[in-house]
Amino acid sequence: MNEFVADIDNPDGNTMTTSLEKRLFDELEQLVLIDPHTHINPHEAPSKTLADIMGYHYYTELAHSAGLEKSQIEEDGLDPKTKVGRLVEKLSDLDNTIQVSWLLEMCREFFGFTDDRITPDNWEGLYDTALAKMSEESWEQQVLEKSKLEKVFLTNDFDDKLEGFDTNIYVPCLRTDDLVFHFLKKSVRNRLNEASGIEVGDSSTFRAAIAKIFSHFVEKNAKACAISIPPNFSPQKVDAGSAAAVIKRTVKGQRLTSTEQEMLSSFAFWTLAEQCDEHGLPFDLMIGVNRRVYEGGVYQGQDLFDKRVSLLQYKQLFNAFPNVTFPVSVLGSTSNQELVSYSWIFPNVVTNGHWWYSNIPTYIEVDTRSRLEAVPRNKQIGYYSDMYKLEFALPKFRMYRRVLAKVLASDFVTGRGWTETQAIDFGKQVLRGNVETIFKV
Amino acid sequence: MNEFVADIDNPDGNTMTTSLEKRLFDELEQLVLIDPHTHINPHEAPSKTLADIMGYHYYTELAHSAGLEKSQIEEDGLDPKTKVGRLVEKLSDLDNTIQVSWLLEMCREFFGFTDDRITPDNWEGLYDTALAKMSEESWEQQVLEKSKLEKVFLTNDFDDKLEGFDTNIYVPCLRTDDLVFHFLKKSVRNRLNEASGIEVGDSSTFRAAIAKIFSHFVEKNAKACAISIPPNFSPQKVDAGSAAAVIKRTVKGQRLTSTEQEMLSSFAFWTLAEQCDEHGLPFDLMIGVNRRVYEGGVYQGQDLFDKRVSLLQYKQLFNAFPNVTFPVSVLGSTSNQELVSYSWIFPNVVTNGHWWYSNIPTYIEVDTRSRLEAVPRNKQIGYYSDMYKLEFALPKFRMYRRVLAKVLASDFVTGRGWTETQAIDFGKQVLRGNVETIFKV
Amino acid sequence: MNEFVADIDNPDGNTMTTSLEKRLFDELEQLVLIDPHTHINPHEAPSKTLADIMGYHYYTELAHSAGLEKSQIEEDGLDPKTKVGRLVEKLSDLDNTIQVSWLLEMCREFFGFTDDRITPDNWEGLYDTALAKMSEESWEQQVLEKSKLEKVFLTNDFDDKLEGFDTNIYVPCLRTDDLVFHFLKKSVRNRLNEASGIEVGDSSTFRAAIAKIFSHFVEKNAKACAISIPPNFSPQKVDAGSAAAVIKRTVKGQRLTSTEQEMLSSFAFWTLAEQCDEHGLPFDLMIGVNRRVYEGGVYQGQDLFDKRVSLLQYKQLFNAFPNVTFPVSVLGSTSNQELVSYSWIFPNVVTNGHWWYSNIPTYIEVDTRSRLEAVPRNKQIGYYSDMYKLEFALPKFRMYRRVLAKVLASDFVTGRGWTETQAIDFGKQVLRGNVETIFKV
């Protein structure tokens, strides 16, 4: 079967490798997925208009970067359709980006868009078509089915009541940045007191309050705890007495030195790890983001990173909690080899997806290649969409599956003589099987 | 089992991808270029002998690295031809390097050299042929035409009078390392006083002197300000009063503490950015070089780098000057993902070429792939030659265009179904179009 | 133009590149090797049972990482066959790893294993076959011949008597971690006193003792000195008087401040470099390992790394010893570009193999590509096995030769029009020729 048949989707592709890749890709596309990390609001999971998609920071930040004034994008009272029109004007500067290719793929798959590009001439028709489809009662269901999504993990504030949605489909996950890094804010402390029913004033009450939060989440079928972390943080065990003193001062509204702030964050972090241990919940660490670097940026388009970070900063944590599984995401591809190596060695560290600035094909490819060949196959969570609206899953997972198929083809089937079935099984394990075992879902 | 169809320029290459790459490459080679960063001396732009080419640090540093004593290379009174002969003796240890491939390409294209390698047996004939050609009155014009170079950006000392050459062809750029990092030297201060006609003694006079320099450069058609920066520098806004105090002490020849030196450098840097803002000049930042690491090295063959650097060090600068465009070059490929991400987010940051230790195909390729797929297409300056003599542009740009054609072929035409025309247009924008819009040239 | 001929070993591979790669690979496989860095015990070089192979940290650390309890692996009195059986149970979670592919390759090549995988069903037969072969008197010779190994460099403790083995086949190398980083331990100091016959108590006696050690090693045909180094170390020249004071305190068993510890380490390091200079021995630096990061790990499966390291930390050393050759290995691929650049510039720095966490195909490939195109060809040591038992050389060198053949094919033959002979010669120089010239062996 070495004949070359011009492949419609790859008219100029080379023969065998492409056909092999295509067969693997097609098989992987059949898989029904559990998406292990998103920012979906389960009460408003799918988009209502094209503005929900294009108004997301993926596109607003790029349009702004390419020269569209922030005031044009975030004008008060700007109606969705006008906003989309303005963003469309900028698409010609962005059509090379992988993010715009997701947009086109979404529009083709969901709205039957057939043009080459979205332009000032054709966007309104697309907008209207999308609006019509999105208005259908079953739109959410349609998107889930077409995307072959069975479950979607959420990102929930610690005081989210977790009511009014099916927690079997939309799986709660406790997001904890506020507790670890923003406990200094009175608003955060008030929310904690209210959500836990405990007046937090020292380390015991803090621990008790966190325990309450965890119980609530676990009762509601939560499957993970998660946090995003700046590059300069290194969680250490803090003596409860020292922590108590700092918490007391915090609750009184007193200023903390930076050392005290670190102690507070460490203590909170450690408490979360203890609760994960008790409840058998994986603790997703998303390491390496600096918030609000571009102060004049659009909403959610301000964060960047400083690559000078190491997983060695987590040595104490990984050693202290051998029974807690830490799915780790790194923001920079320069951190990937550490992640591969730490997952290779630490039983409780697993690789987790391709995050944000590393979620582009060039870096997904090198990071996937190294993980597939050096991390035990049961210790890799292949991908998550990180999406805000359901329509994003399809193109993002597809991008990942293209890379995965390419690597499985070249490195395993061609490179090591694996059968296609063996390669596909490995791909399925990385895409889904491990999500089931690691998150017990 | 070696049947295949020989492709003339790629006797062993695979068919389809190579043919596509070749078509794109051939189209990109037709483009007339503006070279946005060089070290050309406009009064002596082309080489006079082969020693101008081979005596450049690219080859002297490699020959020395491979075992040729510095004294053999930099002997007092060494005549050009003898120098070349000595370097040729070492070429057999260097024929794998991409730098020697540039040399061979130059000799083939410009001097009709047909041998496989430059050897002790054939170099003298080559030297004489080159000498004859280079002696032709029209040699400069020949090189510019054959290289399809329309304009060449220079690197000018701040006190360069910028006279005696056509500033439309050789475009001045203000190089500012001396002002920011060497103001401690009396010679630099004297040169500034003389060039500006102002006796610099405090922050006002410093600012006025810099303003004079900028005016002079802008009058002479300068299109950019530029600086190379060590990895440990982070420009901050400095209060004019504090700066004044430090400048006064400097001018008196007093020692500065390292904190004061940093303040001085930051103040100078900020002043330059203010002038770029006022004059609408892009400010080229070339980040990450450590000077004189190998103290015993040949001339210009001593610098290296410490990869522990982050663009986060430029957070204050990028936020403070939203109207200044910063074309950023990074010395290490490990810094490329930050550059991609900062250019993706900050409207005023654009990617700039492939610099020095990152100017080798392996790193050009991964850096180009990530930039093409994640940075708005109007925010990428594809390449500059960084050349000292005109003959270098052709092989260096050709190396880049090979990589660019390869990436456009695999990632855009094959990968995303772009037409070849669309891919070529993108390549042309990155190679030239953006140079025109960003530098207004 | 899409015809191809099915290649037996690559039924789905693309044509020309694979055939070309295969020809180059086959030629490189003919080369008889000198392995320039291993941990072979010359008194027990080959394995006795499959447990010597599978009980090595490559497999125990991975099995443990995948979920096998350390107590199951390191149980007191555990007999080899039972241990292998337990590890085999875990292989299904590890069959994707390159390390397990080495295991399979060894079993195929040495024991005629023909199955696809090693499983609970077929391992015992394999174990018994291996035992029978390994019991053959000539097993060591068989392995050396089949692996085409002519010489194997060792890693010897400084007080190794170096007796009872053929130092022409098993070439001694002085490993110095103890002297530089563990002189604080009384046991190390006692061993030094005994091995040198000198009571070390100050800098003179320290130097004299080291000189004795070197003389002993050189007499016994040692060809290198070597050391592995954590990321935070930067060797500096230390005044002999200051060093003397610290050594005296150390010998008295007094506590040292961390500054004093650094001085002690630096002084020891510098002394070693001086001895390398005197004896013309290369000084192998293996930079970037943090020991005992995973405290609960299996034997030799605890070390990891912090990628925040730079070769700039070695600036003083490289400048101070122009006549000492430093073959440098870096643990992280993020350090490779620095290594390429420092080897490009410093005559006394050469690239050395692919170490540990960088010894996987993804990183070997990018690191090899950049080295081959930018470092003088006489300044690259292509590969070493780092093996504990002889059987490992074959699959590890084969993995490297596949990558080398691929890069030579694409970048040199196809990319630059080199003949296959030229490419093969370059490959042989990198694999063996440079080992001979650099280590004078």
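Residues numbered from 1 in each chain as written. Chains lettered and ligands numbered in written order. Predicted model: local features only at pLDDT ≥ 70, side-chain atom pairs only at ≥ 80, totals over all residues. Heavy atoms only, no water.

Colleague: It is not clear to me how the overall build of chain A should be interpreted in this structure. Could you clarify?
Modeller: Counting its regular elements, chain A contains 18 helices and nine strands. Whereas a compact globule of 441 residues would reach a radius of gyration of roughly 22 Å, chain A reaches 23 Å, a difference of no more than 12%. Dimensions of chain A, computed from C-alpha atoms along their principal axes, come out at roughly 70 × 55 × 40 Å. Each of the 441 residues in chain A was classed as buried or not, and the buried ones make up 63%. Long-range pairs, those at least 24 residues apart, make up 75% of the contacts in chain A between residues at least 6 apart in sequence. Across chain A, 48 positive and 63 negative side-chain charges occur, with their mean positions spaced 6 Å apart. (Helix = DSSP H or I, 4+ residues; strand = E, 2+ residues; numbered from the N terminus. Rg over C-alpha atoms; globule rule 2.2 N^0.38 Å. Buried < 20%, exposed > 50% of the residue type's maximum accessible area, 1.4 Å probe, protein only. Contact = heavy atoms within 4.5 Å. Lys, Arg positive; Asp, Glu negative; His and termini not counted. Charge placed at Lys NZ, Arg CZ, Asp CG, Glu CD.)

Colleague: So what exactly am I meant to see when it comes to the pairing of strand E6 (residues 283-287) of chain C here?
Modeller: Side-chain positions along a regular strand alternate between the two faces of the sheet. All names here are of chain C. Most of E6 sits inside the fold, with five of its five residues counted as buried. Burial along E6 is two-sided: Phe283, Leu285 and Ile287 facing one way and Asp284 and Met286 facing the other are all buried. Pairing analysis gives five bridges linking strand E5 (residues 224-229) to E6, with the strands arranged parallel. For Ser228, the partnering residue across the bridge sits in E6 and is Met286. Summarising the sheet, E6 and strand E7 (residues 326-330) pair through three bridges and their orientation is parallel. The residue bridging Leu285 from the neighbouring strand is Val328, located in E7. A crossover links E6 with its parallel partner E7, the connecting element being helix H14 (residues 315-320), and its sense is right-handed. (Pairing = 2+ DSSP bridges. Right-handed = clockwise from strand over helix to strand, strands pointing away.)

Colleague: Is there a simple way to explain the sheet that holds strand E7 (residues 326-330) of chain A in this structure?
Modeller: Through backbone hydrogen bonds, the strands of a sheet pair up, either in parallel or in antiparallel fashion. All names here are of chain A. Read from one edge of the open sheet, six strands run E4-E5-E6-E7-E8-E9, paired in parallel fashion. Looking at strand neighbours, the two that pair on one side only are strand E4 (173-175) and strand E9 (380-381), the edges of this open sheet. Two elements, E4 and strand E5 (residues 224-229), share three bridges in a ladder whose sense is parallel. Of the residues in E5, the one forming a bridge with Arg175 is Ala226. In this fold helix H13 (residues 258-279) packs onto E5 and strand E6 (283-287), with an angle of close to 145° to the strand it touches most, E6. (Axes fitted to C-alpha atoms, helices over the stretch in contact; angles between N-to-C directions.)

Colleague: Help me out: how do you make sense of the interface of chain B and chain A in this one?
Modeller: Many authors give the size of an interface as the accessible area that is lost as the parts come together. With 45 residues of chain B at the contact, the number on the chain A side is 47 residues. Both sides together, the interface formed by chain B and chain A hides about 3700 Å², and carbon and sulfur atoms give 51% of it. The three residues of chain B that bury the most area against chain A are Gln337, Trp344 and Ile345 of chain B, which together make up 21% of that side's buried surface. Close ionic contact of Arg377 of chain B with Asp95 of chain A constitutes a salt bridge, the shortest N to O distance being 2.8 Å. (Buried area = accessible area lost by both parts, 1.4 Å probe. Salt bridge = Lys/Arg side-chain N within 4 Å of Asp/Glu carboxyl O.)

Colleague: When you look at the relation of the copies chain B and chain C in this model, what are you seeing that I'm missing?
Modeller: Related by rotation about an axis and a shift along that axis, the two copies of the chain form a pair. When chain B is brought onto chain C, the operation consists of a screw motion whose angular component is 120° and whose axial shift is 0.0 Å, with 0.0 Å RMSD remaining. As the rotation angle and translation indicate, the two copies are arranged about a three-fold axis. A low fraction, 17%, of the interface residues of chain B reappear at the interface in chain C, so the copies pair through non-equivalent surfaces. (Least-squares fit on C-alpha atoms with pLDDT ≥ 70 in both.)

Colleague: Quick question: what am I supposed to make of the packing of helix H17 (residues 393-416) of chain C against helix H18 (residues 420-439) of chain C here?
Modeller: The description of two helices packed together rests on the angle between their axes and the distance between the axes. Residue and element names in this part refer to chain C. The N-to-C vectors of H17 and H18 enclose an angle of 140°; their axes lie 10 Å apart at closest approach. One element, H17, and the other, H18, form an angle in the oblique class. By crossing handedness, the relation of H17 to H18 is classed as right-handed. Counted together, Phe397, Tyr400, Arg401, Leu404, Leu408, Phe412 and Val413 of H17 and Glu420, Ala423, Phe426, Gly427, Val430 and Leu431 of H18 form the full contact between these two elements. Taken together, the residues of the contact of H17 with H18 sort by class into 10 nonpolar, one polar and two charged. (Parallel < 35°, antiparallel > 145°, perpendicular 65-115°, else oblique. Left-handed = near helix turned anticlockwise from the far one by under 90°. Nonpolar A, V, L, I, M, F, W, Y, C, P; charged D, E, K, R; others polar.)

Colleague: Explanation requested: the relation of the copies chain B and chain A in the structure shown.
Modeller: Once chain B is rotated about the relating axis by 120° and shifted along it by 0.0 Å, it coincides with chain A to within an RMSD of 0.0 Å. Each copy contacts the other with its own distinct surface, as only 9% of the interface residues of chain B are interface residues in chain A too.

Colleague: Explanation requested: the interface of chain B and chain C in the structure shown.
Modeller: On the chain C side, the residues contacting the 52 residues of chain B number 51 residues. Together, the buried faces of chain B and chain C total about 4400 Å²; carbon and sulfur atoms form 54% of this surface. Linking chain B to chain C there are 30 residue pairs in polar contact (both at pLDDT 80 or more). Going through the elements one at a time, helix H1 (15-29), helix H3 (57-65), helix H6 (98-111) and helix H16 (361-374) of chain B are the ones with two or more residues in the side of chain B that touches chain C. In the side of chain B that touches chain C, the residues fall into 18 nonpolar, 20 polar and 14 charged. (Polar contact = N/O pair within 3.5 Å; in protein donor to acceptor, adjacent residues only side chain to side chain.)

Colleague: Just to check I follow, could you spell out helix H15 (residues 336-345) of chain B for this structure?
Modeller: Quick reminder: α-helices carry 3.6 residues per turn. Residues three or four places apart thus point the same way. Burial analysis of H15 of chain B places 10 of its 10 residues in the buried class, which makes it a mostly covered element. Of the positions making up H15 of chain B, those classed as buried are Asn336, Gln337, Glu338, Leu339, Val340, Ser341, Tyr342, Ser343, Trp344 and Ile345 of chain B.

Colleague: Looking at this structure, I do not really get the sheet that holds strand E8 (residues 349-352) of chain B. What am I missing?
Modeller: All names here are of chain B. The strand order across the open sheet built from six strands is E4-E5-E6-E7-E8-E9, with neighbouring strands paired in parallel fashion. In this open sheet, the two strands that pair with only one neighbour each are strand E4 (173-175) and strand E9 (380-381). Sheet topology places E8 next to E9; two bridges connect them, and they run parallel. Residue pairing for E9: Asn352 is matched across the bridge by Ile381. Relative to E8, H15 is tilted by about 140°, and along the sheet it contacts strand E7 (326-330) and E8.

Colleague: Please explain the domain arrangement of chain A as it appears in this structure.
Modeller: Residue and element names in this part refer to chain A. Partitioning chain A into domains gives domain 1 (49-134) and domain 2 (142-439). Centre-to-centre, using C-alpha coordinates, domain 1 lies 30 Å away from domain 2. Listed by partner, the interface residues are 20 residues for domain 1 and 27 residues for domain 2. It is Tyr56, Trp102 and Phe110 in domain 1 that bury the most area against domain 2; as a group they hold 28% of the surface buried on that side. (Domains from an automatic or database assignment.)

Colleague: I would appreciate a short explanation of the packing of aromatic side chains in the present structure.
Modeller: Two aromatic rings, taken as a pair, are described by how far apart their centres are and by the angle between their planes. Following the criterion strictly, the structure yields 99 aromatic pairs over all chains and no others. On the numbers, 5.8 Å between centres and 75° between planes, the contact of Phe110 of chain B with Trp139 of chain B is edge-to-face. Pair noted here: Phe110 of chain B is in helix H6 and Trp139 of chain B is in helix H8 (residues 139-146), with a separation of 29 residues, a long-range link. Taking the relative accessible area as the measure of exposure, Phe110 of chain B reaches 5% and is therefore buried. Seen in terms of ring centroids, Tyr294 of chain B and Phe346 of chain C are 4.7 Å apart; in terms of plane orientation they differ by 40°. Their pairing is tilted. Placement of Tyr294 of chain B in the loop between strand E6 (283-287) and helix H14 (315-320) and of Phe346 of chain C in the loop between helix H15 (336-345) and strand E8 (349-352) is noted, with the two residues assigned to different chains. Across the pair, Phe346 of chain C and Tyr294 of chain B agree in class, each one buried. One aromatic cluster is present, formed by Phe181, Phe233, Phe269, Phe283, Tyr314, Phe318, Phe326, Tyr342 and Phe346 of chain A together with Tyr294 of chain C through successive ring pairs. The ring of Trp418 of chain B has Arg117 of chain A sitting right over it, with the charged end atom 4.5 Å from the ring centre. (Phe/Tyr/Trp six-rings, centres within 6.5 Å; stacked < 30°, edge-to-face > 60°. Lys NZ or Arg CZ within 6 Å of the ring centre and 35° of its normal.)

Colleague: When you look at the pattern of salt bridges in this model, what are you seeing that I'm missing?
Modeller: Working definition: two side chains of opposite charge can pair if their charged atoms are close together. By the definition in use, this model includes 86 salt bridges over all chains. A salt bridge links Glu29 of chain B to Arg401 of chain B, with the shortest nitrogen-to-oxygen separation between them at 3.0 Å. Taken together, the residues span a long stretch of sequence, with Glu29 of chain B in helix H1 and Arg401 of chain B in helix H17 (residues 393-416) at a distance of 372 residues. Summarising the burial analysis for this pair, Glu29 of chain B and Arg401 of chain B share the class buried. When the shortest N-O distance is used, the salt bridge between Glu109 of chain C and Arg398 of chain C registers 2.8 Å. Note that Glu109 of chain C is positioned in helix H6 (residues 98-111) and Arg398 of chain C in helix H17, a separation of 289 residues in sequence. Classification of Glu109 of chain C by relative accessible area gives partly exposed; the value is 27%. Of the residues examined, Arg398 of chain C reaches a relative accessible area of 13% and is grouped as buried. Each of Glu29, Glu105, Glu109, Lys146, Arg398, Arg401 and Arg402 of chain A takes part in a single network of salt bridges with overlapping partners.

Colleague: Just checking my understanding: could you explain the nonpolar core for this structure?
Modeller: It is characteristic of soluble globular proteins that their nonpolar side chains tend to be buried jointly. In this structure, Phe283 and Leu285 of chain A, Phe283 and Leu285 of chain B together with Phe283 and Leu285 of chain C are the most contacted members of the largest nonpolar core, which totals 435 residues. Residues within four places of Phe283 of chain B in sequence aside, it is in contact with Thr176, Cys225, Ala226, Ile227, Phe269, Leu272, Ala273, Cys276, Val324, Thr325, Phe326 and Pro327 of chain B. (Core = buried A, V, L, I, M, F, W, Y, C linked by side-chain atoms within 4.5 Å.)

Colleague: Could you clarify how one ought to interpret unusual backbone geometry in this entry?
Modeller: As a rule of thumb, non-glycine residues mostly have phi less than zero, and peptide bonds are mostly trans rather than cis. Residues and elements named next belong to chain A. Positive phi, close to 55°, is recorded for Leu162, a residue that is not glycine. With respect to the helices, strands and loops of the structure, Leu162 is situated in the loop between strand E2 (149-153) and strand E3 (170-171). Of note, Lys440 is a non-glycine position whose phi angle comes to about 50°, a positive value. With respect to the helices, strands and loops of the structure, Lys440 is situated in the segment after helix H18 (420-439). Its relative accessible area of 55% is what places Lys440 among the exposed residues.

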